[in-house]
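# Survey of secondary and tertiary structure
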Amino acid sequence: MNYEAPQWEDWENRFRQLAEQATLVTGTAEAAKIRGAKHYLCLYGDNGLTPDEEFAELERMSSQTSQLKRVEVDTSYWQDTVLFVPSP
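Quick summary incoming for the structure in this document.

### Describing the nonpolar core
Of all hydrophobic cores here, the largest spans 16 residues; its most connected members are W11, F15, L58, M61, L68 and L83. Elements supplying a minimum of two residues to this core: α1 (8–21), α3 (51–62) and β4 (79–85). Here this core takes 5 residues from α1, the largest share from any one element.

Next up, the structure:
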């Protein structure tokens, strides 16, 4: 979601609360499972969804917390958090 969107504060709060419940994934092999994920969202990245679709996706993920994973992405100039539910 665009950080300038009127829903940004609510989106960020809900995302971060859900991220706290997700299992942190480290290592290339584990993080690579995001490729086949049936659901994923980036906190700061462009998810290609409308705000309503992003909130709906967060809601779907919140019903799957036992499967929910989190990846922290660091580059030389930014950091992002990605939530995903791996495919079985």
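### Remarks on the pattern of salt bridges
In the structure shown here, the tally under the stated rule is 4 salt bridges. Ionic pairing is found between E12 and R16, a salt bridge with its closest N-O pair at 3.2 Å. With a gap of 4 residues between them, E12 and R16 both fall in helix α1, about one helical turn apart. With a relative accessible area of 37%, R16 lands in the partly exposed category. Salt-bridge contacts for R70 lead to E72; the nearest nitrogen and oxygen are separated by 2.9 Å.

### What to know about the pairing of β4
Buried residues dominate β4, accounting for 6 of its 7 residues. Two strands pair when backbone bridges link them, and strand β2 (residues 39–42) and β4 are joined in this way by 4 bridges, in the antiparallel orientation. Within β4, the residue paired with L41 across the bridge is L83. Hairpin connection, strand β3 (residues 69–74) to β4: the antiparallel pair is bridged by 4 residues.

### Points about α3
Since the α-helix turns once every 3.6 residues, residues separated by three or four places project in the same direction. In a regular helix each residue adds 1.5 Å, so 12 residues correspond to 16 Å; α3 covers 17 Å between its end C-alpha atoms and thus fits that length. Residues E54, F55, E57, L58 and M61 constitute the buried set of α3. Projected down its long axis, α3 shows its buried positions confined to an angular sector of 160°, all on one face. Exposed residues lying more than 90 degrees from the buried face of α3 are D52 and E59. Buried residues belonging to α3 abut α1, β2 and β4.

### Quick notes on α1
Helix length check: α1 (14 residues) gives 20 Å between terminal C-alpha atoms against 20 Å at 1.5 Å per residue, within 8%. Residues of α1 that are buried include every one of W8, W11, E12, F15, L18 and A19, and no others. Taken end-on, α1 shows its buried residues confined to a sector of 135°, consistent with a single buried face. Along α1, the residues that are exposed and aim more than 90 degrees away from the buried face are E9, Q17 and E20. Contacts made by the buried residues of α1 are with β2, α3, β3 and β4.

Calculation notes
Residues numbered from 1 in each chain as written. Predicted model: local features only at pLDDT ≥ 70, side-chain atom pairs only at ≥ 80, totals over all residues. Heavy atoms only, no water. Core = buried A, V, L, I, M, F, W, Y, C linked by side-chain atoms within 4.5 Å. Buried < 20%, exposed > 50% of the residue type's maximum accessible area, 1.4 Å probe, protein only. Helix = DSSP H or I, 4+ residues; strand = E, 2+ residues; numbered from the N terminus. Salt bridge = Lys/Arg side-chain N within 4 Å of Asp/Glu carboxyl O. Pairing = 2+ DSSP bridges. Expected span 1.5 Å × (residues − 1). Arc of directions from axis to C-beta. Contact = heavy atoms within 4.5 Å.

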